[in-house]
Amino acid sequence: MKLVSFVEVYEISLLNRAASEVKYALREVLINPEHVVAVRDNLVLKDKLQKGFFPEDLDQRQDFAKLQLNLGSGQSSVAINIVGDLHMVASKLISGNAE
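Conventions adopted
- Residues numbered from 1 in each chain as written.
- Predicted model: local features only at pLDDT ≥ 70, side-chain atom pairs only at ≥ 80, totals over all residues.
- Heavy atoms only, no water.
- Helix = DSSP H or I, 4+ residues; strand = E, 2+ residues; numbered from the N terminus.
- Polar contact = N/O pair within 3.5 Å; in protein donor to acceptor, adjacent residues only side chain to side chain.
- Pairing = 2+ DSSP bridges.
- Axes fitted to C-alpha atoms, helices over the stretch in contact; angles between N-to-C directions.
- Patch = residues over 30% accessible without salt bridge, like charges linked within 9 Å, V, L, I, M, F, W, Y side chains within 5 Å.
- Areas by Shrake-Rupley, 256 points an atom, 1.4 Å probe, with all protein chains shown as cover.
- Salt bridge = Lys/Arg side-chain N within 4 Å of Asp/Glu carboxyl O.
- Contact = heavy atoms within 4.5 Å.

Q: Any chance you could break down the environment of Q68 for me, citing the residues and the numbers?
A: Along the polypeptide, Q68 turns up in strand β4 (residues 64–70). Each C-alpha atom of the pair Q68 and N81 lies 9.0 Å from the other, and the pair is 13 residues apart in sequence. For Q68, the side chain forms a polar contact with the side chain of S77, separated by 2.8 Å.

Okay, structure coming up:
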């Protein structure tokens, strides 16, 4: 099994924070390409980046994608948001799954 490294975008949840004040942070995540069932652009996060919901040092030209992962237990799946455009993500998944 080969794992592929991505940067995940996750919501910082703080008590007493209004929905309009939601902030996001970044962390590394390792993905097994065999469990990815779909990849889509995430334009909602692109909009939130433009509005200042992300760390200030993140390039404003950055794109985001959503990975849908099969959890292997019937119909269960989980979606995670990652930094990168659709084609870069697909390329990394394919090359990581080539072995």
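Q: Go over the sheet that holds strand β2 (residues 23–31), please, and point to the residues and values.
A: Spatially, five strands are ordered β2-β1-β5-β4-β3 in an open sheet, and the strand pairing comes out antiparallel. Of all the strands in the sheet, the pair left with one neighbour each is β2 and β3 (36–41). Taken over all neighbouring pairs, the strand axes of this sheet differ in orientation by 40 degrees on average, direction set aside. Where strand β1 (residues 4–12) lies against strand β5 (residues 77–83), two bridges are found, and the strand directions are antiparallel. In the strand pairing of β5, V9 is matched with N81.

Q: Tell me what's going on with a nonpolar patch on the surface, and back it up with residues and numbers.
A: Residues M1, L3 and L30 make up a contiguous nonpolar surface patch of roughly 360 Å² in combined accessible area. Along the chain, L3 falls in the segment before β1.

Q: Can you lay out the side chain of N32 for me, pointing to particular residues and giving the numbers?
A: Within the secondary structure, N32 is located in the loop between β2 and β3. A polar contact is formed between the side chain of N32 and the backbone nitrogen of E34, at a distance of 3.0 Å. Leave out the neighbours within four places in its chain, and N32 touches M1, K2 and L3.

Bear in mind that shape data such as this cannot, by itself, settle questions of function.
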